[in-house]
Amino acid sequence: MIRLNEKEFTEIVAYMREFYGINLNKKKTLIECRLTKELQRRGLSSFGEYLELLKGDRTGKTAEGIVNQLTTNYTYFMREPVHFTILKEKIFPELFREIQHGICNIWCAGCSTGEECYTLAMLLQDYKEEAGQIPSVRMQATDISREVLEKAQKGVYPLRELERLPAVWQKKYCRVADKKVFQVNESLKYNIMFRYQNLMQTFPASEKYHVILCRNVMIYFDKDARKALIEKLENSLHPGGYLLIGHAELLSRDETRLEQTAPAVYRKQRRGNGEKNINC
Ligand SMILES: C[S@@+](CC[C@H](N)C(=O)[O-])C[C@H]1O[C@@H](n2cnc3c(N)ncnc32)[C@H](O)[C@@H]1O
């Protein structure tokens, strides 16, 4: 394994914090383990050489490599299932009643390899069949790792992951491709747009969402990046819209203007009388 000296370690920590919000200041060994292969692949023998390459690279390829290696992309189908129950029983009925003929915009921010947004797509498909009619739903699924976005787009997963899904969904929405992998149905992908978005950058002001899932992302952020992200997510919600975060990253009262409606579920206040709320 190639070792980091203190200067190199400080530089990599500062780089990941400044550009991606990710706090790695206690993760020296993790950085060494995850980046050694990347260095060897490029024929480099020290992190100093790698940092020089990173600074001089105008193509963005070196940055892409470091992000692919240093992000934690752990995820699985039906993660934190209570959120899916709340969406089904409380959030969707209420939102869909209010939106009626408009479009419901959902954002999975930090979607990793896609299990979260496909779980949501399965839930929505079932909901639609039961309810008869629901508004059109558009889902954005974003991440900073292009490697995980590519996997998410393919929707192919190891067979052992299938067990996490209810038996009915396994049959209805998945196709076992061979002894090792299964694929989610193409129909689930129609309303999902996968794209690159760094949550540390400015979000397009015109994009507003009725539901944002940003779960288990800011757990890796430092305090300032977390604060800035919460504010931007708040601004990206329609009045009356919902933010769902991971149960390990709960917001304190002084961190947000959103109202907590359930564990790890927050809602943006509606506007006063006469102003447009959710259905804008
Ligand atoms: C642990 S996964 C969580 C996946 C899924 N939301 C879940 O709860 O299972 C965190 C994801 O956030 C992404 N991420 C980390 N920092 C980010 C940033 N600054 N902008 C966008 N995505 C980021 C990582 O690449 C990773 O795929």
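Along every chain, residues carry numbers that run from 1 in the direction the sequence is written. Per-residue local features are limited, in this predicted model, to residues with pLDDT of at least 70; the limit for side-chain atom pairs, both in listing and counting, is 80 or more; totals at the level of whole chains, interfaces and linings are taken over all residues. Each side-chain value is worked out from all heavy atoms of the structure, with water and hydrogens disregarded.

Quick look at the sheet that holds strand β4 (residues 174-176)
- We treat two strands as partners when DSSP finds at least two bridges between them. Put simply, DSSP marks the helices as runs of H or I at least four residues long and the strands as runs of E at least two long, and each gets a number from the N terminus on. Read across the open sheet, the three strands follow the order β3-β5-β4; overall the sheet is antiparallel. What marks the edges here is a single partner per strand, and that holds for β3 (156-158) and β4. Taken over all neighbouring pairs, the strand axes of this sheet differ in orientation by 30° on average, direction set aside.
- The pairing of β3 with strand β5 (residues 181-184) spans three bridges and is classified as antiparallel. Bridge pairing in β5 places Val156 opposite Gln183. For helices, the fitted line uses only the C-alpha atoms of the stretch in contact; every axis is such a line through C-alpha atoms, and the angle between N-to-C directions lies from 0 to 180 degrees.

Comments concerning the site of the ligand
- Any residue with a non-hydrogen atom lying within 4 Å of a molecule or strand is treated as near it. The ligand sits among 21 residues. The nearest are Thr75, Arg79, Asp143, Leu199 and Asn216.
- N or O atoms within 3.5 Å of each other form a polar contact, as long as, within protein, one can give a hydrogen and the other can take it, and as long as residues adjacent in sequence are counted only when both atoms are side-chain atoms. Contact distances for the ligand include 2.9 Å between an oxygen atom and a side-chain N or O atom of Asn216.
- For the accessible areas, the method is Shrake-Rupley and the probe is 1.4 Å, while residue cover comes only from the protein chains on display. About the coverage of the ligand: the protein hides 99% of its 610 Å² of free accessible area.
- Partitioned by chemical class, the residues of the shell around the ligand number eight nonpolar, nine polar and four charged. Polar here means any residue other than Ala, Val, Leu, Ile, Met, Phe, Trp, Tyr, Cys and Pro, which are nonpolar, and Asp, Glu, Lys and Arg, which are charged; Gly is therefore polar.

Topic: helix α9 (residues 223-235)
- Helix span, as expected, comes to 1.5 Å for every residue beyond the first. Between its first and last C-alpha atoms α9 spans 19 Å; for 13 residues at 1.5 Å apiece the expected length is 18 Å, and the two agree.
- Every buried residue of α9 is accounted for by Ala225, Arg226, Leu229, Ile230, Lys232, Leu233 and Glu234.
- We call two residues in contact when some of their heavy atoms are within 4.5 Å. Looking at the buried positions of α9, the neighbouring elements they touch are β1 (103-109), β7 (209-214) and β8 (237-245). Note on exposure labels: buried denotes an accessible area under 20% of the residue type's maximum, exposed denotes more than 50%, and partly exposed covers the range between, all computed with a 1.4 Å probe on protein chains only.

Digging into the domain arrangement of the protein
- As annotated, the domain borders come from an automatic or database domain assignment. Domains assigned within the protein are domain 1 (6-70) and domain 2 (82-267).
- Relative placement of domain 1 and domain 2: their C-alpha centres are 29 Å apart.
- Counting each side, the surface lost to burial between domain 1 and domain 2 is near 900 Å², with a carbon and sulfur contribution of 53%.
- Buried area counts how much accessible surface, traced with a 1.4 Å probe, disappears from two parts once they are put together, with both parts' losses summed. In terms of surface lost to domain 2, no three residues of domain 1 exceed Tyr20, Gly21 and Asn68, which account for 46% of the buried area on that side.
- One side-chain nitrogen of Lys or Arg within 4 Å of one carboxyl oxygen of Asp or Glu is enough to make a salt bridge. There are two salt bridges connecting domain 1 and domain 2.
- With a closest N to O distance of 3.5 Å, Glu64 and Arg146 form a salt bridge.
- For the pair domain 1 and domain 2, the number of links is seven residue pairs in polar contact (both at pLDDT 80 or more).
- The set of elements that each furnish at least two residues to the side of domain 1 that touches domain 2 consists of α1 (6-20) and α4 (61-70).
- At four residues, α1 tops the list of elements feeding residues into the side of domain 1 that touches domain 2.
- Grouping the constituent residues of the side of domain 1 that touches domain 2 by class yields four nonpolar, three polar and three charged.

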